[in-house]
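The residues making up each chain are set out below.
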Amino acid sequence: MNLVVLTGAGVSAESGVPTFRASDGLWEGHRIEEVATPEGFAANPAVVQDFYNQRRRHLARVQPNAAHRALADVAARWDGDFLLVTQNVDDLHDRAHLERPPAPGFELIHMHGELNKARCTASGVVCDWTGDLEAEHASPHHPQGIMRPHIVWFGEMPLEMERIEAVLERCDLFVSIGTSGAVYPAAGFVQSARMAGARTVEINLEPTQGARLFDRGVYGPATEAVPGFFADL
């Protein structure tokens, strides 16, 4: 059986990672346009770099929770292909899989980039980066490049979309965890899975606006609902 799991902010919230934006539309006190667009970075790189420097420092203080560990346990035991696609830029899935190494059929894709990586604006080279970035941090990969957060901002294309869609076309079970189901292209994954004939499950605190597209809904905190669902499965 081929499994595809999509995770969003709800899977990391119980670890202490802030969700994407508050009810007032601000992200940690900033307008999204200021810190999550190429235009914002061009206008004020110091503000953008400082924003992600703070997020990076905070990430070092949090740990994977029971939901991350439950998925790592599934990945270690799954007899078939298992693609885990996360919208989160944290590394909590990665750390959980280091604790419990996955089986050969497992693959993890960070479709919105990774907080602990940086990218050269001139060459496109991506490298691990756990420290701070300066306002116009010179790139070691190209004399005319600077290093920016390896984050997919608004107006940019999510990563590995062709790979994700190819796997969705042959999946047997699609599970969406802790995501609003309101932001495309990820919101369309359930429809791709349904077209492939897959069974679809939504795990969330409460039903999303796309809940009717799923065969089953499991609702409650991720640290309880995710381990419970996969234990039953």
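About the thresholds
- Residues numbered from 1 in each chain as written.
- Predicted model: local features only at pLDDT ≥ 70, side-chain atom pairs only at ≥ 80, totals over all residues.
- Heavy atoms only, no water.
- Helix = DSSP H or I, 4+ residues; strand = E, 2+ residues; numbered from the N terminus.
- Rg over C-alpha atoms; globule rule 2.2 N^0.38 Å.
- Buried < 20%, exposed > 50% of the residue type's maximum accessible area, 1.4 Å probe, protein only.
- Contact = heavy atoms within 4.5 Å.
- Areas by Shrake-Rupley, 256 points an atom, 1.4 Å probe, with all protein chains shown as cover.
- Lys, Arg positive; Asp, Glu negative; His and termini not counted.
- Charge placed at Lys NZ, Arg CZ, Asp CG, Glu CD.
- Axes fitted to C-alpha atoms, helices over the stretch in contact; angles between N-to-C directions.
- Parallel < 35°, antiparallel > 145°, perpendicular 65-115°, else oblique.
- Left-handed = near helix turned anticlockwise from the far one by under 90°.
- Nonpolar A, V, L, I, M, F, W, Y, C, P; charged D, E, K, R; others polar.
- Pairing = 2+ DSSP bridges.
- UniProt positions renumbered as here; feature names shortened; annotations may be inferred.
- Salt bridge = Lys/Arg side-chain N within 4 Å of Asp/Glu carboxyl O.

Participant: Could you give an account of the overall build of the chain, naming the residues involved and the relevant values?
Facilitator: The helix and strand tally for the chain stands at eight helices and eleven strands. For a compact globule of 233 residues, the expected C-alpha radius of gyration is about 17 Å, and the chain comes in at 18 Å, within 12% of that figure. Residues counted as buried form 49% of the 233 residues belonging to the chain. Taking the contacts inside the chain whose residues are at least 6 apart along the sequence as the reference set, 67% of them involve residues at least 24 apart. If you sum the accessible surface of the chain, you get close to 11,100 Å²; carbon and sulfur atoms cover 50% of it. Put simply, the chain has 19 plus and 31 minus side-chain charges, and the middle of one group is 2 Å from the middle of the other.

Participant: How would you summarise the packing of helix α4 (residues 66-77) against helix α8 (residues 222-232) if you had to cite specific residues and measurements?
Facilitator: Axes are the key here: two packed helices are described by the angle between their axes and the distance separating the axes. The N-to-C vectors of α4 and α8 enclose an angle of 20 degrees; their axes lie 7 Å apart at closest approach. Classified by the angle their axes make, α4 and α8 are roughly parallel. Note that α4 runs across α8; the crossing there is left-handed. Of α8, the residues touching α4 (which contributes Ala66, Ala67, Ala70, Leu71 and Val74) are Ala222, Thr223, Val226, Pro227 and Phe230. Among the residues making up the contact of α4 with α8, the classes are represented as nine nonpolar, one polar and no charged.

Participant: So what about the sheet that holds strand β6 (residues 113-120)? Which residues, and what values?
Facilitator: Taking strand neighbours across the sheet as the criterion, the three strands line up as β7-β6-β8 in an open arrangement whose pairing is antiparallel. Only two strands of the sheet have a single neighbouring strand rather than two, namely β7 (126-128) and β8 (147-151). If you compare each strand with its neighbour and ignore which way they point, the axes differ by 45 degrees on average.

Participant: I'd like a rundown of the UniProt feature "binding site: substrate" (unreviewed entry) in the chain, residues and numbers included.
Facilitator: Mapped onto the present numbering, the UniProt feature "binding site: substrate" (unreviewed entry) falls on Tyr52 and Arg55. Looking at where arginine 55 falls in the secondary structure, it is placed in helix α3 (residues 45-59). Looking at arginine 55, the relative accessible area reads 17%, which means it is buried.

Participant: Give a detailed account of the pattern of salt bridges, specifying residues and quantitative values.
Facilitator: Across all of its chains, the model carries eleven salt bridges by this definition. Here arginine 170 ties to aspartate 81 by a salt bridge, and the two come within 3.2 Å at their closest N and O atoms. On the criterion of sequence distance, the pair formed by arginine 170 in the loop between α6 (161-168) and β9 (173-177) and aspartate 81 in the loop between α4 and β4 (82-86) is long-range, its members being 89 residues apart. The class for aspartate 81 is partly exposed, based on a relative accessible area of 33%. Ionic pairing is found between arginine 95 and aspartate 91, a salt bridge with its closest N-O pair at 3.0 Å.

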